[in-house]
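# Summary of structural features
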Amino acid sequence: MSKRNQTLGEFIIENQTSFKYSSGELSRLINSIRLAAKVVNHEVNKAGLVDIIGAAGDTNIQGEDQQKLDVYANDKFIQTLTKRNIVCGIASEEEDDFITINSQDENHQNKYVVLIDPLDGSSNIDVNVSVGTIFSIYRRVTPLGTPVTLEDFLQKGSAQVAAGYVVYGTSTMLVYTTGHGVNGFTLNPAIGSYYLSHPDMQFPEDGNIYSVNEGNYSDFPTGIKKYIKYCQEDEGERPYTSRYIGSLVSDFHRNMIKGGIYMYPKSTKNPKGKLRLLYECNPMAFIAEQANGKASDGFTRIMDIEPTELHERVPFICGSKNMVDKAEEFMRNNKE
Ligand code: AHG
Ligand code: MN
Ligand code: MN
């Protein structure tokens, strides 16, 4: 029974038996993500001090090179995930290729692969606006005892065993699912513990927020253009409110709490959409579905898409179920 004020550590232990492969390994993996997120959080909070302590590319007072925050976050998550004999491979938005990790006995006994967007919304760092981290976890499909291969990473989203995000916002939260609903934990920075603050998170079935970069409007598919016009019509609950931060994690988080839809359609500039299927769309889709929401590319369920390459992009429509249904209806009726 989850209770408010429970720490993330307590929650993980209490709920690990409900996980179908019920070993402590997944719990330990989530534990290492929570640890890396704390370290990254500390660094993100200092970002406003760059003019004082040196910007990325500078050398700091100890003679160390200052790193860009996305590189820093990437390194921290990889370091933390590598050490625990659980993960056999990591793919990151920041790395060209996947990273192979061997078990301590060097017999390739680790079972899980992790895919990660270490810093999402990185263009918002300079201006003190929320950024995030997104992670996605699968069991490997190739046999234990052999090195991990690309096949282990190119799994459909529906095969995910866990996914989550961290939002470094007005407070820092870790939100995740292992396929039994979605729970959100808020970091108390004074003592460094996360507390269950948002148990069993759910998208409202309907919402009144739409989130899309309307600067690209003239380039959008007709179905999306017409859906945006529908959102703006003065009719019943409409017009909806437009809210777009430009950090997927933050836009998603707000829409899950308040009810809304996020869209990143294809355009001439981004003919396949901009967001990455494996690092961004699949984990968010898993969380959305576990929270009674929906995620689609306009026609197909995101988690049913068969990936063909690591950094593949896909159009993304995600949020309150009835809103995504409506957007899909506009897409179906306005095929180009
Ligand atoms: P990242 O910082 O990991 O590259 O991701 C940025 C993504 C996503 O978070 C955001 O919703 C979207 O790009 C914003 O794109 P536009 O600036 O084109 O709207
Ligand atoms: Mn991103
Ligand atoms: Mn990123």
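Figured I'd write up the structure that's included with this text. (Residues numbered from 1 in each chain as written. Chains lettered and ligands numbered in written order. Predicted model: local features only at pLDDT ≥ 70, side-chain atom pairs only at ≥ 80, totals over all residues. Heavy atoms only, no water.)

## Some remarks on the coordination of the manganese ion (ligand 3)
In this structure, Glu93 (OE), Asp117 (OD) and Leu119 (O) serve as the protein donors to the manganese ion (ligand 3), at separations of 2.3 Å. Metal-to-metal, the separation of the manganese ion (ligand 3) and the manganese ion (ligand 2) is 3.8 Å; Asp117 coordinates the two. Pair check on accessibility: Asp117 and Leu119 agree, each one buried. (Donors = N, O, S within 2.8 Å, 3.2 Å for Na, K, Ca; no water. Buried < 20%, exposed > 50% of the residue type's maximum accessible area, 1.4 Å probe, protein only.)

## Overview of a nonpolar patch on the surface
Side chains of Val127, Val129 and Ile245 sit close together on the surface and give an oily, nonpolar patch of about 210 Å² of accessible area. The topology assignment puts Val127 in the loop between β3 (112-120) and β4 (131-139). For Val127, a relative accessible area of 53% gives the class exposed. (Patch = residues over 30% accessible without salt bridge, like charges linked within 9 Å, V, L, I, M, F, W, Y side chains within 5 Å. Areas by Shrake-Rupley, 256 points an atom, 1.4 Å probe, with all protein chains shown as cover. Salt bridge = Lys/Arg side-chain N within 4 Å of Asp/Glu carboxyl O. Helix = DSSP H or I, 4+ residues; strand = E, 2+ residues; numbered from the N terminus.)

## Looking at the coordination of the manganese ion (ligand 2)
For the manganese ion (ligand 2), the full set of protein donor atoms is Asp117 (OD), Asp120 (OD) and Glu280 (OE), at a range of 1.8 to 2.2 Å. The class of Asp120 is buried, set by a relative accessible area of 5%. A relative accessible area of 5% places Glu280 in the buried class.

## Comments concerning the side chain of Ser320
One can find Ser320 in strand β13 (residues 316-320). Residue class for Ser320 comes out buried when judged on its relative accessible area of 0%. Within the local environment of Ser320, its side chain forms a polar contact with the backbone oxygen of Pro204, the two atoms lying 2.7 Å apart. When sequence neighbours within four positions are dropped, the list of residues in contact with Ser320 reads Phe203, Pro204, Glu205, Asp206, Gly207, Gly259 and Gly260. (Polar contact = N/O pair within 3.5 Å; in protein donor to acceptor, adjacent residues only side chain to side chain. Contact = heavy atoms within 4.5 Å.)

No statement about biological role is implied by the geometric values presented.
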